[in-house]
Amino acid sequence: MAGRGRPRSFDRQQALETAMQVFWTKGYKGTSMADLTHALGINSPSLYAAFGSKEALFREAIELFSSSRQPYNVLNGLEEAPTVREGIEQMLRDTAMNFSQPASPGGCFITLAAIHKDCDELETDPIFEELRAMRAYPIERLRKRVARAIDEGELSPSVDPAAIASFYITFQQGMSLRARDGASREALLALAESAMRAWDALTRIP
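Computed from a predicted model, the values in this text were never measured in an experiment.

1. Some thoughts on the overall build of the protein
Looking only at helices and strands, the protein features 11 helices and zero strands. Counted from the first residue to the last, the protein has its helices and strands arranged as α-α-α-α-α-α-α-α-α-α-α. Counting every position in the protein, which comprises 206 residues, the buried fraction comes to 43%. Across the protein, contacts joining residues at least 24 apart in sequence account for 71% of those joining residues at least 6 apart.

Here's what the structure looks like:
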């Protein structure tokens with residue numbers, strides 16, 4: 001019996017959306033070609049013809065997530081809020097809302113999809129390195145926002161922008177894991193509120 005080919009009504013964009021959901025749920029390393037062909041309803045030759053390779057398909061899934069789910073839109077409040085504290089609080093509340101969307105696997109695709117790398121002394125996994133750089137981006141953006149607050153006199157010059165940025169983005173990424181484990185929207189919002197209780201300690205003048 002012949003294997004499944006690409007259906008005549010094959011919708012590449014819908015197939016990409018489906019593949020993103022598979023990668024999001026199982027992770028890059030945990031997703032097999034069999035998982036992808038089964039979810040997309042096509043055979044391996046057709047998948048390669050449509051997307052090139054598993055790695056190329058994953059890269060397209062990253063681009064789709066970045067454009068359709070807008071993973072960095074939770075950072076917009078940092079610039080729009082009147083104070084950096086209010087911006088961070090809004091960022092965490094928006095994070096709770098985004099990470100608990102009912103039609104998603106929960107959490108952030110960028111945070112969860114590739115956290116293990118295959119490497120030896122001579123090479124590193126490019127997928128891992130690219131997503132690591134994407135996960136580092138919010139830290140640098142928040143660091144710059146805190147530094148701006150210092151320059152504008154909102155915060156003391158003794159405040160450490162890097163420490164604040166690392167704390168809150170690490171907390172945000174932890175919220176992604178809690179969402180994946182099934183934490184409710186209400187629970188995530190409560191976590192966001194708890195995180196803001198650390199603000200005074202982080203910004204206290206020695």
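Having seen it, we continue.
2. Some remarks on helix α4 (residues 54-68)
Here α4 is 15 residues long and its end C-alpha atoms lie 21 Å apart, about the 21 Å a rise of 1.5 Å per residue gives. Looking at the buried residues of α4, the elements they touch are α1 (12-26), α2 (33-40), α3 (44-51), α7 (109-112) and α8 (126-151).

3. Looking at the nonpolar core
Ranked by size, the top nonpolar core spans 58 residues in total, and within it Phe58, Ile88, Phe109 and Tyr168 carry the most contacts. Apart from the residues within four sequence positions on either side, Tyr168 is in contact with Ile88, Met91, Leu92, Leu142, Ala195, Met196, Ala198, Trp199 and Leu202.

4. A closer look at the UniProt feature "DNA-binding region" (unreviewed entry) in the protein
According to UniProt, the positions carrying the feature "DNA-binding region" (unreviewed entry) are residues 32-51. A helix fraction of 80% and a strand fraction of 0% characterise residues 32-51, whose end C-alpha atoms lie 15 Å from each other.

5. A word on the packing of aromatic side chains
Going through the model one piece at a time under the given rule, you end up with 10 aromatic pairs. When the centroid spacing of 4.7 Å and the interplanar angle of 45 degrees are considered together, the rings of Tyr28 and Phe58 count as tilted. Of this pair, Tyr28 sits in the loop between α1 and α2 while Phe58 sits in helix α4, placing them 30 residues apart in sequence. Each of the two residues, Tyr28 as well as Phe58, counts as buried.

6. Notes on the confidence of the model for the protein
Atomic detail in the predicted coordinates should be set aside for any region of low pLDDT. Residues of the protein with pLDDT of at least 70 account for 89%, and the chain-wide mean is 88. Here helix α5 (residues 76-80) stands out as the least confident element of the protein, with mean pLDDT 82; helix α10 (residues 185-196) is the most confident, with 97.

7. Quick word on the packing of α2 against α3
Where α2 contacts α3, the two axes come as close as 10 Å, and the packing angle between them is 85 degrees. Of the possible angle classes, the one that applies to α2 and α3 is roughly perpendicular. For the pair α2 and α3, the contacting residues are Met33, Leu36, Thr37 and Leu40 in the first and Ser44, Leu47, Tyr48 and Phe51 in the second. Residue composition of the contact of α2 with α3, grouped by class: six nonpolar, two polar and no charged.

8. Some words on the side chain of Ser156
Along the chain, Ser156 turns up in the loop between α8 and α9 (161-180). There is a polar contact of 2.8 Å between the side chain of Ser156 and the side chain of Ser158. Beyond its immediate sequence surroundings of up to four residues, Ser156 is in contact with Ile150 and Ile205.

9. As for the environment of Gln90
Inspection of the secondary structure assignment puts Gln90 in helix α6 (residues 84-99). Linking Gln90 and Leu78, residues 12 residues apart in sequence, is a C-alpha distance of 7.8 Å.

10. Digging into the packing of α8 against α9
Direction vectors running N to C along α8 and α9 enclose 140 degrees, while the axes themselves pass 8 Å from each other. Relative to α9, the element α8 lies oblique. The way α8 lies across α9 gives a crossing that is right-handed. Contacts between α8 and α9 involve Arg135, Pro138, Ile139, Leu142, Arg143, Val146, Ala147 and Ile150 from the former and Pro161, Ala162, Ile164, Ala165, Ser166, Tyr168, Ile169 and Gln173 from the latter. For the contact of α8 with α9, the residue count by class is 12 nonpolar, two polar and two charged.

Conventions and cut-offs
- Residues numbered from 1 in each chain as written.
- Predicted model: local features only at pLDDT ≥ 70, side-chain atom pairs only at ≥ 80, totals over all residues.
- Heavy atoms only, no water.
- Helix = DSSP H or I, 4+ residues; strand = E, 2+ residues; numbered from the N terminus.
- Buried < 20%, exposed > 50% of the residue type's maximum accessible area, 1.4 Å probe, protein only.
- Contact = heavy atoms within 4.5 Å.
- Expected span 1.5 Å × (residues − 1).
- Core = buried A, V, L, I, M, F, W, Y, C linked by side-chain atoms within 4.5 Å.
- UniProt positions renumbered as here; feature names shortened; annotations may be inferred.
- Phe/Tyr/Trp six-rings, centres within 6.5 Å; stacked < 30°, edge-to-face > 60°.
- pLDDT = per-residue confidence, 0-100.
- Axes fitted to C-alpha atoms, helices over the stretch in contact; angles between N-to-C directions.
- Parallel < 35°, antiparallel > 145°, perpendicular 65-115°, else oblique.
- Nonpolar A, V, L, I, M, F, W, Y, C, P; charged D, E, K, R; others polar.
- Polar contact = N/O pair within 3.5 Å; in protein donor to acceptor, adjacent residues only side chain to side chain.
- Left-handed = near helix turned anticlockwise from the far one by under 90°.

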